[in-house]
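So the chains spell out like this:
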Amino acid sequence: MLDAKLFRSELAETAERLKTTRGFELDVSRLETLEQQRKDLQVHTETLQAERNSRSKSIGQAKAKGEDIAPLLAAVDDLGAQLDSAKAELATVQDALQQIIAGVPNLPDASVPLGPNEDHNQEVSRWGEPRRFDFAPSDHVDVASAINDGMNFELGSKLAGARFVVLQGQIARLHRALTQFMLDLHTTEHGYQETYVPYLVNHDTLFGTGQLPKFGEDLFHVQGATENQVALSLIPTAEVPLTNLWRDEIADEDQLPLQYAAHTPCFRSEAGSHGRDTRGLIRQHQFDKVELVWLVKPEDSMDALEKLTGHAEKVLQLLELPYRKVLLCTGDMGFGAARTYDLEVWLPTQEKYREISSCSNMLDFQARRMQARFRRKGANKPELMHTLNGSGLAVGRTLVALLENNQQEDGSVTVPVALQPYMGGVTRIAAE
RNA sequence: GGAGAGAUGGCAGAGUUCGGUUUAAUGCACCUGACUUGAAAUCAGGCGUGGGUUCGCGCCCACCGGGGGUUCGAAUCCCUCUCUCUCCGCCA
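All figures in this text were calculated on a predicted structure; none of them were measured in a lab.

Thresholds, definitions, all that
Residues numbered from 1 in each chain as written. Chains lettered and ligands numbered in written order. Predicted model: local features only at pLDDT ≥ 70, side-chain atom pairs only at ≥ 80, totals over all residues. Heavy atoms only, no water. Helix = DSSP H or I, 4+ residues; strand = E, 2+ residues; numbered from the N terminus. Buried < 20%, exposed > 50% of the residue type's maximum accessible area, 1.4 Å probe, protein only. Contact = heavy atoms within 4.5 Å. Disulfide = S-S within 2.5 Å. Domains from an automatic or database assignment. Core = buried A, V, L, I, M, F, W, Y, C linked by side-chain atoms within 4.5 Å. UniProt positions renumbered as here; feature names shortened; annotations may be inferred. Pairing = 2+ DSSP bridges. Axes fitted to C-alpha atoms, helices over the stretch in contact; angles between N-to-C directions. Left-handed = near helix turned anticlockwise from the far one by under 90°. Nonpolar A, V, L, I, M, F, W, Y, C, P; charged D, E, K, R; others polar.

### Some thoughts on the overall build of chain A
Along its length, chain A carries 12 helices and 18 strands. Principal-axis analysis of the C-alpha atoms places the extent of chain A at approximately 100 × 50 × 45 Å. Evaluated residue by residue, chain A yields a buried proportion of 49% over its 432 residues. Contacts in chain A between residues at least 24 apart in sequence constitute 72% of all its contacts with a sequence separation of at least 6.

Structure representation (structure tokens):
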């Protein structure tokens, strides 16, 4: 959420920036109208409240002295009704304002390249050399299926439907090994606190990170998750529970930066992506991810983004997977992001780089929604934190990349050195 | 699943019986100053969050787990939801 002051004192400039960077149309005249109404109604309402308070106090004092309070009660007769209607009008206007403001995306950082779509992203660097095959490489589905039916989508759809999978045997173990490897790397080498979090969260939590109110259709919602009527939703990423650990909290300055890592399944309805990536593990309703989250002081957040991205890159490097790092342009960034790097891994059968990690600095956008704050030594006012998150990495897509890049002509798949300890020392997996 | 007790500022913790000088006591922590070579200790003062309004000093409003209700007036009374704790039962 952007600072409400931007919509008052710098409305025209803010609307212009949103339009040029994100192509987002802010309804300026409606905002102006609502803001004027809000101001009038709020002043009116608070005046009535002040009036009521002072009269009630007088009544209390008169009563204490044993005076007759009937005339005082008569004088206050219709104040309650006036106040009720003023409050109701104010609430209507404030809800309307809130709904607009909660749906406005973050403003990109000035360092982000301008552009309407992914064609305008900037490649920052490349690592590794895409392998040259002296045979026609198979895609990950064929590679894994050939290793003792290791990846079975028919079983997935039987159990749950389209976009679900069952992994078996060595492929399932490889998937687990990747997860453990990533989590160990980040917690022992990169300073993250290992964290286990709920996979179902409430709506306040989803509002905090920006999934609600605007992107509810991307989520799976669960009815009657507890005995009551509270609506819960499956997390689309561990960013949601991790970042919300500090919702409505005030940290001490010296507690920052906070670094959290968690492995969770992620659930996405993939509404609006019918027909895209229908084959294979690239786009599933359920996938595993190791997520990295930072909570930092504002002046540290850009530096933290570089570190966070570096930590995700380290995973790819140790797995010896070629990738490139891309700085997203203004039009391609997520709702809450101010600056984002995507890491894209080389997929030989698609002959292109595909997203495997997305690392973003949200600045205070989420912190404002969550009221996640910290207090500097000696300062009396708490201040909003900055929040960052990134995949380190998406486990399913890492498995895809490993299977495709490390396949051999005989159908076996070599295990990278860094992963071998997690595979019981095995250097390659093959059909048995 | 059954029975009971609770939720109050950064933290701890009064106030809730019986609604009204409570601008929520007090302590800890924190900030400023005094004392000190410096520190500790001590003393004095300050110190919740969000919002509105004002050039500013300031003034005003809301907030005692969430929502609703009763009332001129609610931390306090009523309803409801959530969460926590104790005991019993069940259970991976």
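### Section: the state of the cysteines
All told, the structure shown has 0 disulfides when counted by the stated rule. Summary of cysteine pairing: Cys266 is not part of a disulfide, and the nearest cysteine sulfur, belonging to Cys359, is at 14 Å. Take Cys266: its relative accessible area is 0%, and that puts it in the buried class. Looking at Cys329, it has no disulfide partner, and the nearest cysteine sulfur is the one in Cys359, 17 Å off.

### A look at the domain arrangement of chain A
The assigned domain composition of chain A is domain 1 (27–102) and domain 2 (118–429). Spacing between the C-alpha centres of domain 1 and domain 2 amounts to 48 Å.

### Re the nonpolar core
Core analysis: the largest hydrophobic core is formed by 51 residues, its most contacted members being Leu403 and Leu419. Per-element tally for this core: the top contributor is helix α7 (residues 169–188), with 8 residues. When neighbours within four sequence positions are excluded, Leu403 is seen to be in contact with His140, Val143, Ala144, Met151, Ile171, Leu174 and Val413. Residues Phe7, Leu90, Leu97 and Ile101 belong to the second largest nonpolar core, which totals 21 residues.

### Brief notes about the UniProt feature "binding site: L-serine" (unreviewed entry) in chain A
Mapped onto this structure's residue numbering, the UniProt feature "binding site: L-serine" (unreviewed entry) falls at Thr237, Ala238, Glu239, Arg268, Glu291, Asn389 and Ser391. Tracing the chain through its elements places Thr237 in the loop between β7 (232–234) and α9 (239–243). Beyond its immediate sequence surroundings of up to four residues, Thr237 is in contact with Cys266, Arg268, Lys289 and Glu291. The exposure class of Glu291 is buried, given its relative accessible area of 2%. Not counting chain neighbours up to four residues away, the residues in contact with Glu291 comprise Thr237, Ala238, Glu239, Leu242, Tyr260, Ala261, Ala262, Asn389, Gly390 and Ser391.

### Describing the sheet that holds strand β15 (residues 383–384)
Taken together, the 3 strands give an open sheet; going across it, the order is β8-β14-β15, and neighbouring strands pair in mixed fashion. Each end of this open sheet is capped by a strand with a single partner; those strands are β8 (250–252) and β15. In the sheet, β8 pairs with strand β14 (residues 373–375) via 3 bridges, with the strands oriented parallel. Each residue of the ladder has a partner; that of Ala251, found in β14, is Phe374.

### Looking at the packing of α7 against helix α12 (residues 395–405)
Viewed as axis vectors pointing N to C, α7 and α12 meet at an angle of 115°, and their least axial separation amounts to 10 Å. Considering how the two elements wind past one another, α7 and α12 form a crossing that is right-handed. For the pair α7 and α12, the contacting residues are Ile171, Leu174, His175, Leu178, Thr179 and Met182 in the first and Val395, Gly396, Thr398, Leu399, Leu402 and Leu403 in the second. Looking at side-chain class alone, the contact of α7 with α12 contains 8 nonpolar, 4 polar and no charged residues.

### Focus: the sheet that holds strand β5 (residues 200–202)
Neighbouring strands of a sheet are bound in pairs by backbone hydrogen bonds; such pairs are parallel or else antiparallel. If you walk across this open sheet you meet the 3 strands as β5-β7-β6, and the pairing is antiparallel. Looking at strand neighbours, the two that pair on one side only are β5 and β6 (221–222), the edges of this open sheet. In this structure, β6 lies alongside β7, joined through 2 bridges in antiparallel fashion. Following the sheet pairing, Val222 is matched in β7 by Leu232.

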